[in-house]
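Overview (structure and organization)
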Amino acid sequence: MSAPDLHQMGVAALSAALASGKASSREVTQHLLDRAAAHEALGAFLHVDADAALAGAAVADAARAAGRAGALCGVPLAHKDIFVTQDMPTTAGSKMLAGYRSPFDATVVARLKAAGTVSLGKLNCDEYAMGSANENSAYGLVRNPWDLTRVPGGSSGGSAAAVAARLLPGATGTDTGGSIRQPASFSGITGIKPTYGVCSRYGMIAFASSLDQAGPMARSAEDCALLLSAMSGFDERDATSAQRPAGDFHAQMLAPREGATAAQPLKGLRIGLPTEFFPAALAADVNGTVRAALAEYEKLGATLVDVHLPRTELSIPVYYIIAPAEASSNLSRFDGVRYGHRAAEYADLMEMYKRSRSEGFGAEVKRRIMIGAYVLSHGYYDAYYLQAQKLRRMIADDFQACFKQCDVIAGPVAPTVAWHIASQGGDPLQAYLADIFTLPASLAGLPGMSVPAGFGAGGMPVGLQLIGNYFQEGTLLHAAHAFQQATDHHLAAPAGF
Ligand code: GLN
């Protein structure tokens with residue numbers, strides 16, 4: 001197999017090429033390392049360790065030669081820099097953690113390593129995963145491979161850009177309020193945020209612990225299914241880990257639906273369209289692209305039904321109270337003593353804390369800490385935090401009412417295609433408002449997926465969001481896979497990559 005083809009292959013294709021001996025992990029890894037170097041200007045990687053990657057590839061090739069290779073053995077990937085890694089630095093996109101080395105690997109990282117994957121390095125992200133454009137990283141922005149003047153989405157922007165630019169067949173991401181789905185949508189790739197508790201949070205630097213969830217980002221539903229099977233499963237080190245047997249998401253994805261036919265693999269699937277997900281303010285190109293994808297789903301046998309998520313708009317204030325509240329608590333550990341940057345000069349302990357945190361955190365992180373401390377403070381707790389918690393429960397109940405009428409819920413991932421770099425003029429509210437369609441599933445803890453649906457204004461990718469009931473990842477992957485078997489949006493590569 002010639003080197004120029006290697007980066008065109010996704011996880012499943014690479015797995016097959018490695019199994020048949022058409023390519024070695026060393027060869028693929030070297031090729032992707034060369035590409036990472038050639039496309040450094042994208043800003044996707046924060047750290048590349050070529051020696052470690054090649055050594056890992058050699059181990060994978062040896063395991064395969066010895067007949068000890070699983071599906072992912074020798075497949076290269078990289079991790080969002082929010083996962084701690086023992087053999088590489090971890091920054092969470094923050095100056096606070098510059099030079100930090102973890103004494104252990106995150107469970108997700110350890111599991112993917114045990115499956116034989118080869119890590120090329122760490123991927124750029126918004127500082128502590130707070131953001132929607134990767135413009136909040138202390139280590140520079142990431143460019144969207146479809147248009148270098150636009151953002152790739154965030155906070156898993158490095159993961160999205162690297163996969164879209166064919167620097168990697170897949171990557172890890174995390175999603176607290178949309179950070180897997182929205183960058184996947186903006187960058188034209190496939191991503192799934194599983195049900196809260198499916199992937200261990202152990203070793204994922206905490207942003208908002210009741211919402212944080214890891215997941216794969218890749219080019220297809222099939223690739224995501226393979227990665228998710230390896231990275232998920234119960235972990236006693238995470239108190240909110242779901243106590244369920246490890247899922248074979250690839251088998252679930254392939255399992256035919258009852259009553260399905262070759263022409264109509266989704267026969268009988270009821271797709272609920274929340275009217276609130278198609279407001280007048282939805283960009284016309286996004287609306288048109290999503291509707292066209294839904295028409296394709298009808299051809300595949302699905303039926304579309306109108307449903308309601310009446311508190312969709314409220315999910316913005318609810319999320320932007322709960323997430324900062326949890327963040328203000330989680331980030332208290334970065335004080336220059338237990339973790340993180342320590343100021344060079346200070347008169348006493350208080351000043352040391354103040355200076356260290358002032359210097360170490362970026363503007364958006366400080367804003368969230370202040371909002372969080374405010375909504376939790378005596379006198380405001382009932383008015384903000386407690387109200388938000390009550391509404392969160394109602395939002396989750398709204399979904400259960402929908403799932404009485406449908407099997408999956410669909411709509412846009414984001415109200416627009418990827419915006420231009422620096423176009424929001426530093427107004428954080430604009431980015432918060434654009435999270436409207438991803439926040440509801442996050443607050444409810446439901447699985448959500450972004451599937452490339454086509455292209456909108458400026459030739460930019462548009463994602464279709466699929467939301468399932470708890471632990472229905474298999475249903476989402478099956479529905480996305482059927483769509484991808486019938487369409488080729490997910491196969492399109494940005495020009496020059
Ligand atoms: N954009 C949202 C935020 O800024 C979501 C981020 C995430 O999912 N990590 O909080």
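The structure contained in this document is the topic of the report that follows. Source: prediction; values computed, not measured.

**Overview of the pairing of strand β7 (residues 270–274)**
Among the five residues of β7, four are classified as buried, and the element is accordingly described as predominantly covered. Sheet topology note: the β7/strand β8 (residues 303–307) ladder contains five bridges and is parallel. Bridging from a neighbouring strand, R270 pairs with T303 of β8. Considered for its hand, the β-α-β crossover made up of β7, helix α10 (residues 284–299) and β8 is right-handed.

**Regarding the packing of aromatic side chains**
The geometry of two aromatic rings is summed up by the distance between their centres and the angle between their planes. Enumeration over the complete set of coordinates arrives at 16 aromatic pairs. Seen in terms of ring centroids, Y128 and F334 are 5.1 Å apart; in terms of plane orientation they differ by 55°. Their pairing is tilted. Taken together, the positions of Y128 in the loop between β3 (118–123) and α6 (157–164) and F334 in the loop between α11 (315–330) and α12 (349–360) put the pair 206 residues apart, joining distant regions of the chain. As far as the burial class goes, Y128 and F334 line up, both buried. These aromatic residues form a ring-pair network of at least three members: Y100, Y128, F334, Y339 and F361. It is R291 that lies over the ring of F278; its NZ or CZ is 4.2 Å from the centre.

**Here we look at the side chain of T176**
Note on placement: T176 falls in the loop between β4 (170–175) and α7 (181–187). Under the relative-accessibility criterion, T176 is labelled buried at 4%. One polar contact links T176 to D212, side chain to side chain, over a distance of 2.7 Å. Among all residues touching T176, those that are not within four sequence positions of it are F207, A208, L211, D212, Y319 and S442.

**Re empty space enclosed by the protein**
Scanning all chains against the criterion turns up four cavities of 30 Å³ or more. By volume, the largest cavity amounts to about 100 Å³. For the largest cavity, the lining is made up of 16 residues, of which G131, S132, G177, S179 and D435 are closest to its centre. Residue classes in the lining of the largest cavity are distributed as six nonpolar, eight polar and two charged.

**Let's talk about the pattern of salt bridges**
A complete count under the given rule lists 15 salt bridges for this structure. Connected through shared salt-bridge partners, D87, D105 and K113 make up one network.

**What about the packing of helix α3 (residues 25–38) against helix α4 (residues 50–65)?**
Running from N to C, α3 and α4 point in directions that differ by 160°, and their axes come no closer than 8 Å. Classed by the angle they form, the pair α3 and α4 counts as roughly antiparallel. In the crossing of α3 with α4, the sense of the turn from one axis to the other is right-handed. Where α3 abuts α4, its residues S25, R26, T29, Q30 and L33 lie against A50, A53, L54, A57, A60 and D61. Tallied by class, the residues present in the contact of α3 with α4 amount to six nonpolar, three polar and two charged.

**Things to note about the side chain of S137**
Position of S137 relative to the elements: it lies in the loop between β3 and α6. Within the local environment of S137, its side chain forms a polar contact with the backbone nitrogen of Y139, the two atoms lying 3.0 Å apart.

**Focus on the site of the ligand**
For the ligand, the set of nearby residues contains 15 residues, the closest of which are A129, S132, G177, S179 and Y319. One of the backbone nitrogen or oxygen atoms of G131 is found 2.9 Å away from an oxygen atom of the ligand. Between the ligand and G178 there is a distance of 3.2 Å, counted from an oxygen atom to a backbone nitrogen or oxygen. Contact with the protein chains removes 99% of the 300 Å² of surface that the ligand exposes when unbound. Structurally, the ligand is housed in the largest cavity.

**Brief notes about the state of the cysteines**
Scanning the model with the defined rule gives zero disulfides in all. Of all cysteine sulfurs in the structure, the one in C199 sits closest to C125, which takes part in no disulfide; the separation is 17 Å. For the unlinked cysteine C406, the closest cysteine sulfur is that of C402, found at 5.7 Å. C406 gets classed as buried once you look at its relative accessible area, which sits at 2%.

Parameters at a glance
Residues numbered from 1 in each chain as written. Predicted model: local features only at pLDDT ≥ 70, side-chain atom pairs only at ≥ 80, totals over all residues. Heavy atoms only, no water. Buried < 20%, exposed > 50% of the residue type's maximum accessible area, 1.4 Å probe, protein only. Helix = DSSP H or I, 4+ residues; strand = E, 2+ residues; numbered from the N terminus. Pairing = 2+ DSSP bridges. Right-handed = clockwise from strand over helix to strand, strands pointing away. Phe/Tyr/Trp six-rings, centres within 6.5 Å; stacked < 30°, edge-to-face > 60°. Lys NZ or Arg CZ within 6 Å of the ring centre and 35° of its normal. Polar contact = N/O pair within 3.5 Å; in protein donor to acceptor, adjacent residues only side chain to side chain. Contact = heavy atoms within 4.5 Å. 1 Å grid on protein atoms, 1.4 Å probe; cavity = no way out; pocket = protein on both sides within 12 Å on 5 of 7 lines; lining within 4 Å. Points joined across faces, edges and corners; volume = space filled by probe spheres on them. Nonpolar A, V, L, I, M, F, W, Y, C, P; charged D, E, K, R; others polar. Salt bridge = Lys/Arg side-chain N within 4 Å of Asp/Glu carboxyl O. Axes fitted to C-alpha atoms, helices over the stretch in contact; angles between N-to-C directions. Parallel < 35°, antiparallel > 145°, perpendicular 65-115°, else oblique. Left-handed = near helix turned anticlockwise from the far one by under 90°. Near = heavy atom within 4 Å. Areas by Shrake-Rupley, 256 points an atom, 1.4 Å probe, with all protein chains shown as cover. Sits in = over half its atoms within 2 Å of the grid points. Disulfide = S-S within 2.5 Å.

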